[in-house]
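As a plain string of letters, each chain reads:
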Amino acid sequence: MSFVKLTASVLAISALSATSAFARDQVQVAGSSTVLPYASIVAEAFGENFDFPTPVIESGGSSAGLKRFCEGVGENTIDIANSSRRIKENELKACVDKGVSEIIEVRIGYDGIVFASDIGAASYAFTPADWFLALSDKVLVDGQLVENPNTTWADVNAEFPQVDIQAFVPGTKHGTREVFEDKVVLAGCEVTGAYDAFLAIAEGDTDKARKKAAEKACIALRTDGKSVDIDGDYTETLARIDSNTDGIGVFGLAFYENNTDKLQVATMSGVVPSTDTIASGDYPVSRPLFFYVKKAHIGVIPGLKEFAEFFVADEIAGADGPLAEYGLVADPELSDTQSVVSDETAMGGNS
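Not measured: the values here are computed from a predicted model. (Residues numbered from 1 in each chain as written. Predicted model: local features only at pLDDT ≥ 70, side-chain atom pairs only at ≥ 80, totals over all residues. Heavy atoms only, no water.)

With that out of the way, let us pick up the packing of helix H8 (residues 194-201) against helix H9 (residues 207-218). Two elements in contact, H8 and H9, have axes whose closest approach is 8 Å; the angle formed by their N-to-C orientations is 130°. By the criterion of interaxial angle, the relationship of H8 to H9 is oblique. As for how H8 packs across H9, the hand of that crossing is right-handed. Contacts from Tyr195, Phe198 and Leu199 in H8 reach Arg210, Lys211, Ala214, Glu215, Ala217 and Cys218 in H9. Each residue belonging to the contact of H8 with H9 can be placed in one class, and the counts come to six nonpolar, no polar and three charged. (Axes fitted to C-alpha atoms, helices over the stretch in contact; angles between N-to-C directions. Helix = DSSP H or I, 4+ residues; strand = E, 2+ residues; numbered from the N terminus. Parallel < 35°, antiparallel > 145°, perpendicular 65-115°, else oblique. Left-handed = near helix turned anticlockwise from the far one by under 90°. Contact = heavy atoms within 4.5 Å. Nonpolar A, V, L, I, M, F, W, Y, C, P; charged D, E, K, R; others polar.)

This is how it looks when you write it as structure tokens:
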């Protein structure tokens, strides 16, 4: 994807010129496969419009990217981690332990998690309970927790077709997996009453520990082949559906919207996923997207701050920019994010 030269207001970001005094002169980014296409679009435009080399963008998943980000400070470590979820407390601690003590959190916008199948397959109107009943390791039957007996979607919901359950879900290293677990599987567990049953038998010394154990039991997925973890990106999920047209995959909204010739999307709780329903908050399975900047690398790695500022500029991440055209839901508080980057405000308020 290429872009025309950008306006002077965006190019003004590049007030500082690049130098050749460093062993590494390319910004290095890794992480979320959901954020990957957005970061790639920005990197290409950045390389076309600035006197800095095009940043190197790698995928691997949010958790993997943040793990690399927290390996330390220095030119042999990445500068930015893309993530489809907020960084966790244990990850922050891992960063601090390795000397990465100042991190700038940058929210780029919002995305939805959608449930899509082959365009010629049956259509579905899902609820979180449907997905819990389809994929959970244990479900509640006649008041008892039992191994999941459901083998077809009709077993889950009588309104669904008599089609074998085959779901392709993000692997555990992906941030999308955690949102799927929390907003879909756990929500379905609670609605069906299974959470209360898990809580009644949960072990732990405190209420908090027992609740955590019950939540962990809720999101444990079956291992009999009905639920398949996808460790690659969404193109792998699409390939699985191409070869099994009854399968249903979990995707980011933007990926689906760029593959509507191959996929059809299901509703969730009666709402069709779209940029409008995500922006309004009506669609229940949405999340903010982030990247994290290693503040210690600003001023050391040429073009790092300029790239971060460019990424969240109105002309790029705003409602009329190329990221919205690809499928990102623009952040209504984008100006606040721009200030965070411009002021180099680290998490915790330090600038």
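Angle between the axes and distance between the axes are the two parameters that describe a pair of packed helices. Orientation of helix H7 (residues 175-192) relative to H8, taken along the N-to-C sense of each, is 85°, at an axis distance of 4 Å. The angle between the axes of H7 and H8 places the two elements in the roughly perpendicular class. Contact with H7, carried on its side by Cys189, Glu190 and Thr192, involves Ala194, Tyr195 and Phe198 of H8 and no other residues of that element. Classifying every residue of the contact of H7 with H8 by side-chain character gives four nonpolar, one polar and one charged.

Moving on, we get to the layout of surface pockets. For the largest pocket, the calculated volume is near 470 Å³. In terms of lining residues, the largest pocket is bounded by 17 residues, among which Arg85, Lys88, Glu178, Val179 and Asp182 are the most central. Sorting the residues of the lining of the largest pocket by element identifies H7 and strand E13 (286-294) as the ones contributing at least two each. With seven residues, H7 is the single largest residue contributor to the lining of the largest pocket. Looking at the lining of the largest pocket, its residues break down into five nonpolar, three polar and nine charged. (1 Å grid on protein atoms, 1.4 Å probe; cavity = no way out; pocket = protein on both sides within 12 Å on 5 of 7 lines; lining within 4 Å. Points joined across faces, edges and corners; volume = space filled by probe spheres on them.)

Attention now goes to helix H10 (residues 234-243). Taken residue by residue, H10 has Tyr234, Thr237, Leu238 and Ile241 as its buried positions. Seen along its axis, H10 keeps its buried residues to an arc of 100°; they face one direction. (Buried < 20%, exposed > 50% of the residue type's maximum accessible area, 1.4 Å probe, protein only. Arc of directions from axis to C-beta.)

By the definition in use, this model includes two cavities of 30 Å³ or more. If you go around the largest cavity, the residues you meet are Ser33, Pro170, His174, Thr176, Ile230, Gly232, Asp233, Tyr234, Thr237 and Val250. Classifying every residue of the lining of the largest cavity by side-chain character gives four nonpolar, five polar and one charged. As a volume, the second largest cavity reaches approximately 40 Å³. The wall of the second largest cavity is formed by Phe115, Ala116, Ser117, Ser123, Tyr124, Phe126, Ile248, Gln264, Val265 and Ala266. Per element, the largest residue contribution to the lining of the second largest cavity is three residues, and it comes from strand E4 (residues 103-118). Grouping the amino acids of the lining of the second largest cavity by side-chain chemistry returns seven nonpolar, three polar and no charged.

Here we come to the pairing of strand E7 (residues 144-147). For a regular strand, the rule is simple: side chains alternate between the two faces of the sheet. Looking at chain direction, strand E6 (residues 138-141) and E7 are connected through four bridges and run antiparallel. Bridge assignment links Leu140 to a residue of E7, and that residue is Leu145. (Pairing = 2+ DSSP bridges.)

Because the α-helix completes a turn every 3.6 residues, residues three or four places apart line up on one side. Look at H7: 25 Å from first C-alpha to last across 18 residues, which is about the 26 Å you get at 1.5 Å a residue. At Glu181, H7 is bent by approximately 35°, the largest bend along its length. (Expected span 1.5 Å × (residues − 1). Bend = angle between axes of the 7 residues up to and from the residue.)

Here we come to the environment of Tyr124. As for its position among the elements, Tyr124 is in the loop between E4 and strand E5 (125-126). Separated by 173 residues in the primary sequence, Tyr124 and His297 place their C-alpha atoms 47 Å from one another. In this structure, Tyr124 is in contact with Trp153, Phe160, Pro161, Val163, Ile248, Ala266 and Thr267, ignoring residues within four places of it in sequence.

Scanning all chains against the criterion turns up 24 aromatic pairs. Look at Phe46 and Phe310: their rings are 5.8 Å apart centre to centre, the planes differ by 55°, and that puts the pair in the tilted class. Linking Phe46 in helix H2 (residues 36-49) with Phe310 in helix H13 (residues 304-311), this pair joins segments that are 264 residues apart in sequence. Here the two residues Phe46 and Phe310 agree in accessibility, since each one is buried. An angle of 0° between the planes, with centres 5.4 Å apart, marks the rings of Phe251 and Phe255 as stacked. By relative accessible area, Phe251 is classed as buried at 0%. (Phe/Tyr/Trp six-rings, centres within 6.5 Å; stacked < 30°, edge-to-face > 60°.)

Applying the stated rule across the entire model yields two disulfides. Here Cys70 connects covalently by a disulfide to Cys95, the sulfurs 1.9 Å from one another. Residues Cys70 and Cys95 are joined through a disulfide that is left-handed, its torsion about the S-S bond being -70°. Residue Cys70 is located in the loop between helix H3 (62-69) and strand E3 (80-83), and its partner Cys95 is located in helix H4 (residues 89-97); the two are separated by 25 residues in the primary sequence. Here Cys70 falls in the buried class, since its relative accessible area comes to 5%. (Disulfide = S-S within 2.5 Å.)

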